[in-house]
Amino acid sequence: MFALVDCNSFFASCEKVFRPDLEGQPVVVLSNNDGCVVARSPEAKKLVPMQATLFSIQHLVKRGELCVFSANPVLYKDMSRRVIETLQHFSPEVEQYSIDEAFLGLHGFTHRDLTAYGQQIKATVQQWTGIPVSVGVAPTKTLAKLAAHVAKRNPDLKGILDFNTVADVDAVLAAIDVGQVWGIGGNLRAKLNAQGIRTVLQLKHADEQRLKKQFGILVLRTVMELRGVACFPMEPVAAPKTMRIVSRSFGHLVTELSDLKEAVATFTTRCAEKLRDDGLVAHQFAVAIRTSYYRPDNQYAAARSVTLAAPTNDTATLIHAAMPLTAAAFKPGYEYLKAKVIATELTPADAVQGELFATPVNTEKRDRLMTAIDTLNRKLKPDAVKFGAVGLNPTWQMRSDYFSQRYTTHWDEIPKVKVGQSSRLASPRSLPVNN
DNA sequence: TCTGGGGTCCTAGGACCC
DNA sequence: TCTGGGGTCCTAGGACCC
């Protein structure tokens, strides 16, 4: 038995936790670069569609009818950690599936009233983190996801649905669009529709051999899961990463190679930090640049990659590799919107395969340097110490005009409570700060 | 006017092995 | 004239997820 715990409107909920004045108000969170809406509070769902551009909702913001936030990934990641740690009180098996979702293994829990258990989970996560969640319970992960989907949309269920308590599951499945199934995206949905398969129930009863032949093993497994046969087991230990990407759109279009190089050096710095956090080294490194998709008269994209002499997570080495790749990909006369760096062929830093014929490189000194830089940047502020290649005055800087505070991870940004202010600020929602 | 970022998995086909 | 069987590895592309 599985439970899927899904945070409601996660990014918007994170922002609301620290702004009790926004309770009941429509709130949206924008993508990086303040591009488009990626999260909406329940109130905002009535006002704006997902992926609406900032421009298209600007009039609501100006009239004070909608509160908008730039993406604050540090805050969301820390809130996610709090939710997961809370869930670990409810099952020994917790698999974080995404930033706002986790599966709980409920093996051995089936004698319990799982609806009541789900309510307990929901209430505890709400109290300890301030984040509202929905819970779906079922014998397979795919069905648990659907149960949570139904729970979220049906107010009578109060956010919890245990499929085991539903007398006619098929009737529920018949009312859900096939595109809502975990693993059925837009493309598969269209192809299934063309064959007359429109609801989850129709997919559940479709011919499995034909589906396997036509769409492959994943769709077949999904169908078996709809029939109650578990094909996707719990994976409580995260698989090691196979790639690390840092990719950003620019706040302003970039035409000069020198600016592009500074952006790539900055992204490479971030990427190297991630690798060091993961304890990984990369053997392959790639740089990709492109113009905007939405400018037909200005289309260009290119990528270049290199196999490094030895696997590394050293910022300087990676920047040194990235600069010629950027120059090689660059073509003058275009307005660039975005750059991306990709580290692949990752291995644990402490298990690097030696080179038979190369002189062994002693990286100990470099490792100490990187550790010192990371420590300083954590202690002081991001990029307190940085490499010259990233430049001093970035012309490409992302837009981020509606940034909130990193309330839970930075001492100078913790929530402040003023004496005499609304007592709601002192409610249990004002969380103790980490550390 | 502006339209994100970061990942994983599967399949088909070609090259190559004994 | 006709010429096997069984397999691995790699890559590109397409699909999916949040």
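The notes below deal with the structure included here. (Residues numbered from 1 in each chain as written. Chains lettered and ligands numbered in written order. Predicted model: local features only at pLDDT ≥ 70, side-chain atom pairs only at ≥ 80, totals over all residues. Heavy atoms only, no water.)

### Some words on the environment of Tyr336
So the rule is basically this: Each helix is a run of DSSP H or I of at least 4 residues and each strand a run of E of at least 2, with the numbering of both proceeding from the N terminus. Contacts are residue-level and defined by heavy atoms, with any inter-residue pair within 4.5 Å sufficient. Each polar contact in these results corresponds to two N or O atoms within 3.5 Å; when the atoms are within protein, one needs to be able to donate a hydrogen and the other to accept it, and residues that are neighboring in sequence are counted only if both atoms are side-chain atoms.
If you trace the backbone, Tyr336 turns up in strand 12 (residues 336-348). The spacing of Tyr336 and Gly196 is 140 residues in sequence and 43 Å in space, taken between C-alpha atoms. The contacts of Tyr336, once residues within four sequence positions are left out, are Phe250, His252, Leu253, Val254, Leu260, Ile289, Arg290, Thr291, Tyr300, Phe330 and Lys331. Of note is the side chain of Tyr336, whose polar atom sits 2.7 Å from the backbone oxygen of Lys331.

### Thoughts on unusual backbone geometry
Spelled out, the test is: Any residue under 20% of the maximum accessible area for its type is buried, any over 50% is exposed, and the rest in between are partly exposed; the area is computed with a 1.4 Å probe on protein chains only.
Positive phi is not limited to glycine here, since Gln51 has a value of about 65 degrees. With respect to the element layout, Gln51 can be found in the loop between helix 2 (42-45) and helix 3 (54-62). Owing to a relative accessible area of 58%, Gln51 belongs among the exposed residues under this scheme. One non-glycine residue with positive phi stands out, namely Asp383, at about 65 degrees. Within the secondary structure layout, Asp383 lies in the segment after helix 14 (364-379). Exposure remark for Asp383: the relative accessible area of 24% places this residue in the partly exposed category.

### Describing the protein's contact with DNA strand C
Using the following cut-off: Being near a molecule or strand, for a residue, comes down to having at least one heavy atom within 4 Å of it. Under this grouping Gly is polar, as are all residues other than the nonpolar Ala, Val, Leu, Ile, Met, Phe, Trp, Tyr, Cys and Pro and the charged Asp, Glu, Lys and Arg.
Neighbouring residues of DNA strand C: 14 residues in total, closest Asp100, Glu101, Lys145, Gly183 and Leu188. Note that a phosphate oxygen of DNA strand C is positioned 2.7 Å from one of the side-chain N or O atoms of Lys145. Here a phosphate oxygen of DNA strand C sits 3.0 Å away from a polar atom, N or O, in the main chain of Gly185. Contributing elements (two or more residues each) for the surface near DNA strand C: strand 5 (94-98) and helix 8 (186-194). Sort the elements by how many residues they give to the surface near DNA strand C and helix 8 lands first, with 4 residues. The class makeup of the residues in the surface near DNA strand C is 5 nonpolar, 5 polar and 4 charged.

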